[in-house]
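Results of the structural survey
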Amino acid sequence: MSLLRPVQIGPHRLPNNLFVAPMAGVTDRPFRVLCKQLGAGYAVSEMVTSKRELWDSLKTSRRADHAGESAPIAVQIAGVDPAEMAEAAVYNIRRGAQIIDINMGCPAKKVCHRWAGSALMQDEVLAVAIVEAVVRACAPHGVPVTLKMRTGWCRSAKNAPRIAAAAESAGVAMLTVHGRTREQGYGGEAEHDTVAAIKAAVRVPVVANGDITTAAEAERVLRTTGVDAVMIGRAAQGRPWIFGEIAHHLEH
């Protein structure tokens, strides 16, 4: 059976399981459209802040513009306050978002020092409260919520499996895991054993992210972890046709 297969996120059936990772300053609308045209089945926007006072800024207004983008339109939001995150979710739904993704994976210092992004993994109670608030806000609109995170804050605190289980119970429709801790940043090698453990423990689709740079590596990760999809970030920079290459390899 082909490893290239569709993925279901709530009411949305994605054409394949090759996803574009959200990267600030990289995955703008033209880049997402290009990746989809060249074989990606799904792309998530650059992260949009939950701070209301920044919504009218040029940067945020551009990130919230989805004109001409093919469905489903997925928007990633970042923040630390459950109420603000819920409000940001509704704001983006009104701007056209059909899927809301919660950022608990960004390792950037300017994000983490505000306790957003992967820093949230240090406070599981707050992390789950944010997921619950966003799911609750999106439910009346019929919009599914997804979560992107890392394996944990540091090597001694790989708590992604616990957060994944709690997020599934809270109602998320899909989980994406970058196979590094925040402490690693983008250094060292990504490990997907943690991702495989999460896939074995939950029922919602699980996506593996990190160091998937070739068609052979995409195949290896899909086969060894059992995940539903792979997400590619840095390897697509300057090479958006990587999705078509991987799709051809998986199909044939």
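Residues numbered from 1 in each chain as written. Predicted model: local features only at pLDDT ≥ 70, side-chain atom pairs only at ≥ 80, totals over all residues. Heavy atoms only, no water.

Examining the overall build of the protein
- In terms of regular secondary structure, the protein is built from nine helices and 11 strands.
- In summary, the protein has a C-alpha radius of gyration of 16 Å against a globular reference of 18 Å for 252 residues, a match within 12%.
- Burial analysis of the protein (252 residues in total) assigns 57% to the buried set.
- Intrachain contacts of the protein at a sequence separation of at least 6 include 67% that bridge at least 24 residues.
- For the protein, the accessible area works out to roughly 10,800 Å², and carbon and sulfur atoms hold 53% of it. (Helix = DSSP H or I, 4+ residues; strand = E, 2+ residues; numbered from the N terminus. Rg over C-alpha atoms; globule rule 2.2 N^0.38 Å. Buried < 20%, exposed > 50% of the residue type's maximum accessible area, 1.4 Å probe, protein only. Contact = heavy atoms within 4.5 Å. Areas by Shrake-Rupley, 256 points an atom, 1.4 Å probe, with all protein chains shown as cover.)

Side note on the pairing of strand E9 (residues 174–181)
- The buried fraction of E9 amounts to eight of the eight residues, a majority that puts the element mostly inside the structure.
- Inspection of the sheet shows strand E8 (residues 145–152) paired to E9 by six bridges, in the parallel sense. Within E9, the residue paired with Lys148 across the bridge is Thr176.
- Following the backbone out of E8, through helix H6 (residues 160–170) and into the adjacent parallel E9, one traces a crossover that is right-handed.
- Alignment of E9 against strand E10 (residues 206–209), held across four bridges, turns out to be parallel. Bridging from a neighbouring strand, His178 pairs with Asn209 of E10. (Pairing = 2+ DSSP bridges. Right-handed = clockwise from strand over helix to strand, strands pointing away.)

A closer look at the pattern of salt bridges
- For the structure shown, the criterion picks out 10 salt bridges.
- Residue Arg220 is joined to Glu217 by a salt bridge in which the shortest nitrogen-to-oxygen separation is 2.8 Å. Here Arg220 and its partner Glu217 are both found in helix H8 (residues 215–225), three residues apart, which amounts to about one turn of the helix.
- Linked through salt bridges whose partners overlap, the residues forming this network are Arg32, Lys36 and Glu69. (Salt bridge = Lys/Arg side-chain N within 4 Å of Asp/Glu carboxyl O.)

So, unusual backbone geometry
- Residues Ala71 and Pro72 are joined by a peptide bond in cis, for which omega reads -5°.
- Positive phi values are uncommon outside glycine, yet Asp211 reaches one of about 60°.
- Here Asp211 is to be found in the loop between E10 and H8.
- Residue Asp211 is classed as partly exposed on the basis of its relative accessible area, which comes to 26%.

Quick word on the confidence of the model for the protein
- Residues at a pLDDT of 70 or more form 91% of the protein, whose mean pLDDT is 90.
- Scored below 50 in pLDDT, residues 108–113 makes 12 contacts in the model with residues more than four places away or belonging to other chains. (pLDDT = per-residue confidence, 0-100.)

Notes on the nonpolar core
- Membership of the largest hydrophobic core comes to 61 residues, with the highest contact counts inside it found for Ile100, Val134, Met149 and Leu175.
- Here this core gets six residues from one element, more than from any other, and that element is helix H5 (residues 124–138).
- Sequence-distant contacts of Met149, that is, excluding residues within four places in its chain, are made with Met104, Gly105, Met121, Ala160, Ile163, Ala164, Leu175, Thr176, Val177, His178 and Ile198.
- Of all hydrophobic cores here, the second largest spans 14 residues; its members include Val7, Tyr42, Val207 and Ala229. (Core = buried A, V, L, I, M, F, W, Y, C linked by side-chain atoms within 4.5 Å.)

Side note on the pairing of E10
- Burial of the side chains of E10 extends over both faces: Val206 and Ala208 are buried on one face and Val207 and Asn209 on the other.
- Viewed along the sheet, the connection from E9 through helix H7 (residues 193–201) into E10 turns out right-handed.
- Of the strand pairs in this sheet, E10 and strand E11 (residues 229–232) are connected by three bridges, and their pairing is parallel. Bridge assignment links Ala208 to a residue of E11, and that residue is Val230.

Things to note about H5
- A rise of 1.5 Å per residue sets the reference length of H5, with its 15 residues, at 21 Å; its end C-alpha atoms lie 21 Å apart and thus fit the reference within 8%.
- By the burial criterion, the buried members of H5 are Ala127, Val128, Ile130, Val131, Ala133, Val134, Val135, Ala137 and Cys138. (Expected span 1.5 Å × (residues − 1).)

Overview of the side chain of Gln76
- Position of Gln76 relative to the elements: it lies in strand E6 (residues 74–78).
- The exposure class of Gln76 is buried, given its relative accessible area of 4%.
- A distance of 2.8 Å separates polar atoms of two side chains, one belonging to Gln76 and the other to Asp101.
- A distance of 2.9 Å separates polar atoms of two side chains, one belonging to Gln76 and the other to Asn103.
- Discounting chain neighbours no more than four positions away, the residues touching Gln76 are Pro22, Val44, Ser45, Glu46, Met47, Val48, Asp101, Ile102, Asn103 and Lys148. (Polar contact = N/O pair within 3.5 Å; in protein donor to acceptor, adjacent residues only side chain to side chain.)

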